[in-house]
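Tertiary structure, described
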Amino acid sequence: EDKKRLQEMELEYPDIVSQLSLLMGAGMTTRQAWNRMAMQYNFKRKNAMITKKPVYEAILRMNGRLVEGISERAAYEQFRTEIPATCYHKLMRILLGSLEMGSQGICVRLEEESRAAFEQRIIQAKKSGEEASTKMLGPLMLQMLIVMGIVMFPALIGFQI
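Treat the numbers as computed from the prediction; the structure is a model and nothing was measured. (Residues numbered from 1 in each chain as written. Predicted model: local features only at pLDDT ≥ 70, side-chain atom pairs only at ≥ 80, totals over all residues. Heavy atoms only, no water.)

1. A word on the layout of surface pockets
As a volume, the largest pocket reaches approximately 260 Å³. In terms of lining residues, the largest pocket is bounded by 13 residues, among which Glu10, Cys87, Ala117, Gln120 and Arg121 are the most central. Elements with a contribution of two residues or more to the lining of the largest pocket: helix H1 (2-25), helix H5 (86-101) and helix H6 (106-160). The leading source of residues in the lining of the largest pocket is H6, at six residues. Of the residues contributing to the lining of the largest pocket, the split by class is six nonpolar, three polar and four charged. A volume near 200 Å³ is recorded for the second largest pocket. (1 Å grid on protein atoms, 1.4 Å probe; cavity = no way out; pocket = protein on both sides within 12 Å on 5 of 7 lines; lining within 4 Å. Points joined across faces, edges and corners; volume = space filled by probe spheres on them. Helix = DSSP H or I, 4+ residues; strand = E, 2+ residues; numbered from the N terminus. Nonpolar A, V, L, I, M, F, W, Y, C, P; charged D, E, K, R; others polar.)

And the structure:
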């Protein structure tokens, strides 16, 4: 169950990074971008447009902390402890680095990370496709044996006469 949850989180990563990159490229601060993403998810979830997603739930909690007045650094650190996926740790390192060195160039770094994340997602999709074809091999062999039995049974009965 934990492995499935982690895999679901990793599948959400490219969308989150690209959405964050897009919002910040449009002129929002990181705090405003997180708030926007949290509000969009909350709206969709309340209107039953989507199911609960663990990463977005963590984003909601992080946004709540930011609204309460916790510093961005502390909120990012808590987010890192909540989410076990290493890809999100990398995103938080980028955001923490932008707090230290200023937000100049963060959009470029986020766009690069977004491209890398989508490439990783393509690789993961290929891997999942290969695993699915391997899992289908057993049932296909069983089905072939059943069809061969149906074809061979009348022939074997005909030989006994």
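2. Some points on the packing of aromatic side chains
This structure, assessed with the given rule, holds four aromatic pairs. Consider the rings of Trp34 and Phe79, whose centres lie 6.1 Å apart with planes at 45°: the pair is tilted. Residue Trp34 is found in helix H2 (residues 30-46), and its partner Phe79 is found in helix H4 (residues 72-82); the two are separated by 45 residues along the sequence. By relative accessible area, which is 1% here, Phe79 ends up buried. (Phe/Tyr/Trp six-rings, centres within 6.5 Å; stacked < 30°, edge-to-face > 60°. Buried < 20%, exposed > 50% of the residue type's maximum accessible area, 1.4 Å probe, protein only.)

3. A look at H1
Between its first and last C-alpha, H1 extends 34 Å over 24 residues, near the 34 Å set by a 1.5 Å rise per residue. The largest bend along H1 measures about 35° and falls at Glu12, with the proline Pro14 one to four residues further on. Among the residues of H1, those classed as buried are Met9, Glu12, Tyr13, Pro14, Ile16, Val17, Leu20, Ser21, Leu23 and Met24. The inward-facing, buried residues of H1 abut H2, helix H3 (54-68), H5 and H6. (Expected span 1.5 Å × (residues − 1). Bend = angle between axes of the 7 residues up to and from the residue. Contact = heavy atoms within 4.5 Å.)

4. As for the nonpolar core
Counting 34 residues, the largest nonpolar core has Leu20, Trp34, Ile59, Phe79, Tyr88 and Leu91 as the members making the most contacts within it. Mapped by element, the contributors of at least two residues to this core are H1, H2, H3, H4, H5 and H6. Each residue touching Tyr88, except ones within four places of it in the same chain, is listed here: Met9, Glu12, Tyr13, Ile16, Val55, Phe79 and Ile83. (Core = buried A, V, L, I, M, F, W, Y, C linked by side-chain atoms within 4.5 Å.)

5. Points about the pattern of salt bridges
Following the criterion strictly, the structure yields eight salt bridges and no others. Taking the shortest distance from any N to any O, the salt bridge between Glu82 and Arg65 comes out at 2.3 Å. Of the two residues, Glu82 sits in helix H4 while Arg65 sits in helix H3, which places them 17 residues apart along the sequence. Under the relative-accessibility criterion, Arg65 is labelled buried at 16%. Of the charged contacts in the structure, one is a salt bridge between Arg80 and Glu77, with a shortest N-O distance of 3.9 Å. Here Glu77 and Arg80 lie together in helix H4, a separation of three residues that amounts to about one turn. When its relative accessible area of 25% is taken as the criterion, Arg80 is described as partly exposed. By relative accessible area, Glu77 is classed as partly exposed at 34%. Within the structure, one salt-bridge network assembled from shared partners comprises Arg61, Arg65 and Glu82. (Salt bridge = Lys/Arg side-chain N within 4 Å of Asp/Glu carboxyl O.)

So, to be careful, I would describe these as geometric facts and stop short of saying anything about function.
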